[in-house]
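Okay, here's what each chain looks like letter by letter:
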Amino acid sequence: MKEVSIHVGKRIRLYRKMKNLTIEAFAGMINKSKATISKYENGDISIDIETLFSIADALEISVNQLVDYENPAAV
């Protein structure tokens, strides 16, 4: 379900930009490379659960705000 990774990535980008964080600054906050953050935001790679919580903590939001995806087939 790549759609979920794309959705979560868009949410990460949205909240990162709302905090006026560059990819470089954000990457440093969660100990990941700029390339990895870019791949997360584009939905190119999946995020493990520990990293998802680190991202939410760094952005000062709940994990639920990142994973609020609704499967259109289930609606």
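For the structure given in this document, a descriptive report is provided here. (Residues numbered from 1 in each chain as written. Predicted model: local features only at pLDDT ≥ 70, side-chain atom pairs only at ≥ 80, totals over all residues. Heavy atoms only, no water.)

1. Considerations on the environment of Glu 60
Stated precisely, the cut-off is as follows: Secondary structure counts use DSSP, requiring at least four H or I residues in a row for a helix and at least two E residues in a row for a strand, with both numbered from the N terminus. Residue exposure (1.4 Å probe, protein chains only): buried if accessible area is under 20% of the type maximum, exposed if over 50%, otherwise partly exposed. Two N or O atoms form a polar contact when they lie within 3.5 Å of each other; inside protein one atom must be a possible hydrogen donor and the other a possible acceptor, and for residues adjacent in sequence the pair counts only when both atoms belong to side chains.
With respect to the secondary-structure elements, Glu 60 resides in the loop between helix H4 (49–59) and helix H5 (63–66). For Glu 60, a relative accessible area of 63% corresponds to the exposed category. For the pair Glu 60 and Tyr 15, spaced 45 residues apart in sequence, the C-alpha separation works out to 9.1 Å. At 2.8 Å, the side chain of Glu 60 and the side chain of Lys 19 are in polar contact.

2. Here's the deal with unusual backbone geometry
A positive phi angle is found at Asn 20, which is not glycine, with a value near 55 degrees. Under the relative-accessibility criterion, Asn 20 is labelled exposed at 70%. Located in the positive-phi region is Glu 60, a residue other than glycine, with phi close to 60 degrees.

3. Focus on the packing of helix H1 (residues 2–18) against helix H3 (residues 34–42)
The angle between the axes and the distance between the axes are what describe a pair of packed helices. Counted only if it meets this: Only the stretch in contact is used when a helix axis is fitted, and all axes are lines through C-alpha atoms; the angle between N-to-C directions ranges over 0 to 180 degrees. Under this scheme an angle from 65 to 115 degrees is roughly perpendicular, one under 35 degrees roughly parallel, and one over 145 degrees roughly antiparallel; angles in between are oblique. Any pair of residues with heavy atoms lying within 4.5 Å of one another is described as a contacting pair. Basically, the charged four are Asp, Glu, Lys and Arg, the nonpolar ten are Ala, Val, Leu, Ile, Met, Phe, Trp, Tyr, Cys and Pro, and anything else, Gly included, counts as polar.
For the pair H1 and H3, the least separation of the axes is 6 Å and the interaxial angle reads 120 degrees. Relative to H3, H1 is oriented oblique. For the pair formed by H1 and H3, the contact residues are Ser 5, Ile 6, Gly 9, Lys 10, Ile 12, Arg 13 and Arg 16 on the first element and Tyr 40, Glu 41 and Asn 42 on the second. Among the residues forming the contact of H1 with H3, the class breakdown is 3 nonpolar, 3 polar and 4 charged.

4. Structural notes on the environment of Lys 10
Along the chain, Lys 10 turns up in helix H1. A relative accessible area of 54% places Lys 10 in the exposed class.

5. Here we look at the side chain of Ser 5
By the element assignment, Ser 5 lies in helix H1. Leave out the neighbours within four places in its chain, and Ser 5 touches Tyr 40, Gly 43, Ile 45 and Ser 46.

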